[in-house]
Amino acid sequence: MQYYSLNRRSPNVSFKEAAVMGQAPDKGLYFPESLPQVEPDLIHYIETLPEAEIAFRVIRPYVGAAIPEEILFDIVSQTVNFPFPLQPVTDTIASLELFHGPTLAFKDVGARFMSRCLEYFLKDQRKEVTVLVATSGDTGGAVASGFYGVEGVNVVILYPKGRVSPVQEQQLTAMGKNITALEVAGSFDDCQRMVKQAFTDADIHARRFLTSANSINVARWLPQQFYYFFAYKQWKEKAIVPVVVVPSGNFGNICAGLLARATGLPLGHFIAACNANDVVPSFLQTEHWQPQKAVATLSNAMDVGDPSNFVRILELFDQQFLKLKEHLSAVSISDADTIATISRVYRETSYTLDPHGAVAYKALEDYQQAHPGSRGLILETAHPVKFPDAVKKATGTEVEIPASLLELMLQPKHTVEMPPDYAAFKEYLMHR
Ligand SMILES: *Cc1c(COP(=O)(O)O)cnc(C)c1O
């Protein structure tokens, strides 16, 4: 499989090059040159197939000759070695729980797959690779966990001091080894600016081989398709295709779902559930793309003011607005409705939603009001324990802390303090 840059001013590359470089030299996102159709057998027998087999068959055409099949099978087996249960919540709504991985949020799958691919691609290289990532919370933890102990790769994570939750901070800073957490005395935007500047700095490139682990990397984006196949596997009434609701921020996850459907997975209408950051809902109403400054909400992993993966969704629909609107809708849900939904769903069903899942749940309920008889599923992207304050406020009860997390919370924290200033960051990267 070859990948082209959506800016169309860079040469096409293989999966390997796309994964190692992250972004094309013209700053475009990579997109697969053709859409491989899902084998009819895979759909037909999906209920009998193990997760690793499904994942292998889904990703193989996208990887092509870049990784030998036995190794690719090992990589996906290690990537999806935890459960992805589809839990019924009501008669018409089910929740696909994507939070049973090591950092309790859905980004684990992408990060684990990407880290293992990079390990394979770089194993014969003499140079060490530095993965740079700025995080507002969940991404950093998933990347740290995914790359922990991977030979030849150093990970440097920048996070805004005092602005991530205690659990998130612990997931970034308790690792040590090849993972370094930089605690930046500034905002997430400062962290992101510093990372972006490093990528354009020739002095740093002369000294280190840099790559990025953010969600635009094809090796993080494409394996997210697995979730939708796992959901379909567990969907009981195959005659009624489910409406699929995805809590969305940077739009990588939902774009992977739309890709899965475009290549033959039988799913129904897609809904992007957003919080107050409503660039995409506005775009679908007005056809006008107006990036905003991100505003802080309870579903903080979706606080994105300029979703970078949306260009891939447009490409998937051949840049045709009407076609896009036929298959995808997008809604914005307030914090007040998020809390009210967690509270009501807990009372009526005893199911505990996290704020991201609650945004999706409310969006699905609203859709079902307008489309009686429809059935659907939400992607529950984070464990409620990652957002204990909001969940306690809504339900009146504490969320039980999983044992793995209790252990993590006892580990010592390792960070390097850093001012929000590029010169200091450069100094660190040049001389560490
Ligand atoms: C990252 C994240 C999202 C948003 O996913 P995108 O692919 O960026 O749209 C939603 N929920 C949680 C918990 C996340 O960590």
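Keep in mind that this is a model prediction, so the values were computed, not measured.

(A) Examining the overall build of the protein chain more closely. Helices and strands together make up the secondary structure of the protein chain, namely 20 helices and 14 strands. A globule of 432 residues ought to have a C-alpha radius of gyration of about 22 Å, and the protein chain, at 21 Å, matches this closely. Overall size of the protein chain, expressed as C-alpha extent along the three principal axes, is 60 × 50 × 45 Å. Evaluated residue by residue, the protein chain yields a buried proportion of 59% over its 432 residues.

(B) Up close: the sheet that holds strand 2 (residues 13–14). With antiparallel pairing, the three strands of this open sheet are ordered in space as 2-1-3. Each edge of the sheet is formed by a strand with only one pairing partner; in this case those strands are strand 2 and strand 3 (30–32). Examined bridge by bridge, strand 1 (residues 2–5) and strand 3 share three bridges and lie antiparallel to one another. Bridging from a neighbouring strand, tyrosine 4 pairs with phenylalanine 31 of strand 3.

(C) The pattern of salt bridges, seen in detail. Within this structure, the stated rule accounts for 21 salt bridges. A salt bridge links arginine 193 to aspartate 190; the nearest nitrogen and oxygen atoms lie 3.0 Å apart. Of this pair, arginine 193 and aspartate 190 both sit in helix 8 (residues 188–199), three residues apart, which is roughly one turn of the helix. For arginine 193, a relative accessible area of 36% corresponds to the partly exposed category. For glutamate 398, the salt bridge identified is with lysine 392, shortest N-O distance 3.4 Å. Among the charged side chains, a network of salt bridges with common partners joins Glu39, Glu53, Arg57, Arg60 and Glu69.

(D) Spatial organisation of empty space enclosed by the protein. Summed over the entire model, instances satisfying the criterion amount to one cavity of 30 Å³ or more. Size it by volume and the largest cavity reaches roughly 30 Å³. Forming the boundary of the largest cavity are Phe106, Lys107, Gly110, Ser215, Arg220, Gln224 and Tyr227. For the lining of the largest cavity, the residue count by class is two nonpolar, three polar and two charged.

(E) Looking closely at the side chain of glutamine 368. Of note, glutamine 368 is situated in helix 17 (residues 355–370). A relative accessible area of 13% places glutamine 368 in the buried class. The residues contacting glutamine 368, other than those within four sequence positions of it, are Thr92, Ile93, Ser374, Arg375 and Gly376.

(F) The arrangement of the environment of valine 391 in detail. Within the secondary structure layout, valine 391 lies in helix 18 (residues 388–395). Accessibility expressed as a relative area gives 1% for valine 391, which makes it buried. Each residue touching valine 391, except ones within four places of it in the same chain, is listed here: Thr352, Leu353, Asp354, Pro355, Pro384, Gly396, Thr397 and Val399.

(G) The arrangement of unusual backbone geometry in detail. Residue arginine 8 is not a glycine yet carries a positive backbone phi of 60 degrees. Mapped onto the fold, arginine 8 is located in the loop between strand 1 and strand 2. Judged by its relative accessible area of 52%, arginine 8 is exposed.

(H) The environment of valine 244, seen in detail. Inspection of the secondary structure puts valine 244 in strand 10 (residues 243–247). Of the residues examined, valine 244 reaches a relative accessible area of 1% and is grouped as buried. Taking the C-alpha atoms as reference points, valine 244 and leucine 104, separated by 140 residues in sequence, lie 21 Å from one another. Excluding anything up to four places from it in sequence, valine 244 contacts Tyr228, Leu267, His269, Phe270, Ile271, Leu377 and Leu379.

(I) Highlighting the nonpolar core. Judged by nonpolar contacts, the single largest core of 102 residues is most densely connected at Phe15, Phe113, Phe147, Tyr228, Phe229, Ile313 and Leu328. Sort the elements by how many residues they give to this core and helix 3 (residues 51–63) lands first, with eight residues. Each residue touching phenylalanine 113, except ones within four places of it in the same chain, is listed here: Phe15, Ile59, Val63, Leu72, Ile75, Val76, Thr79, Ala219 and Pro223. Counting residues in each nonpolar core, the second largest holds 23 residues, with Val359, Ala363, Leu364 and Ile378 among its members.

(J) Fine view of the environment of tyrosine 346. For tyrosine 346, the location among the structural elements is in helix 16 (residues 335–349). The exposure class assigned to tyrosine 346 is partly exposed, which follows from its relative accessible area of 27%. The spatial distance from the C-alpha of tyrosine 346 to the C-alpha of lysine 16 is 45 Å, given a sequence separation of 330 residues. Once residues lying within four places of it in the same chain are set aside, the contact partners of tyrosine 346 are Tyr351, Thr352, Thr395 and Thr397.

(K) Layout of the site of the ligand. Taken together, 15 residues sit near the ligand, with Lys107, Gly249, Asn250, Phe251 and Thr381 positioned nearest. Between the ligand and aspartate 138 there is a distance of 2.9 Å, counted from an oxygen atom to a side-chain nitrogen or oxygen. Contact between the ligand and glycine 252: an oxygen atom at 3.2 Å from a main-chain N or O atom of the residue. The protein chains hide 97% of the 390 Å² of surface that the ligand would expose on its own. A class-by-class count of the residues in the shell around the ligand yields six nonpolar, seven polar and two charged.

(L) Structural view of the pairing of strand 11 (residues 270–274). Strand 11 sits mainly inside the fold: five of its five residues count as buried. Here strand 11 shows no split at all, with Phe270, Ala272 and Cys274 on one side and Ile271 and Ala273 on the other all buried. Pairing geometry for strand 10 and strand 11, over four bridges, is parallel. The residue of strand 11 that forms the bridge with valine 246 is alanine 272.

Parameters and conventions
- Residues numbered from 1 in each chain as written.
- Predicted model: local features only at pLDDT ≥ 70, side-chain atom pairs only at ≥ 80, totals over all residues.
- Heavy atoms only, no water.
- Helix = DSSP H or I, 4+ residues; strand = E, 2+ residues; numbered from the N terminus.
- Rg over C-alpha atoms; globule rule 2.2 N^0.38 Å.
- Buried < 20%, exposed > 50% of the residue type's maximum accessible area, 1.4 Å probe, protein only.
- Pairing = 2+ DSSP bridges.
- Salt bridge = Lys/Arg side-chain N within 4 Å of Asp/Glu carboxyl O.
- 1 Å grid on protein atoms, 1.4 Å probe; cavity = no way out; pocket = protein on both sides within 12 Å on 5 of 7 lines; lining within 4 Å.
- Points joined across faces, edges and corners; volume = space filled by probe spheres on them.
- Nonpolar A, V, L, I, M, F, W, Y, C, P; charged D, E, K, R; others polar.
- Contact = heavy atoms within 4.5 Å.
- Core = buried A, V, L, I, M, F, W, Y, C linked by side-chain atoms within 4.5 Å.
- Near = heavy atom within 4 Å.
- Polar contact = N/O pair within 3.5 Å; in protein donor to acceptor, adjacent residues only side chain to side chain.
- Areas by Shrake-Rupley, 256 points an atom, 1.4 Å probe, with all protein chains shown as cover.

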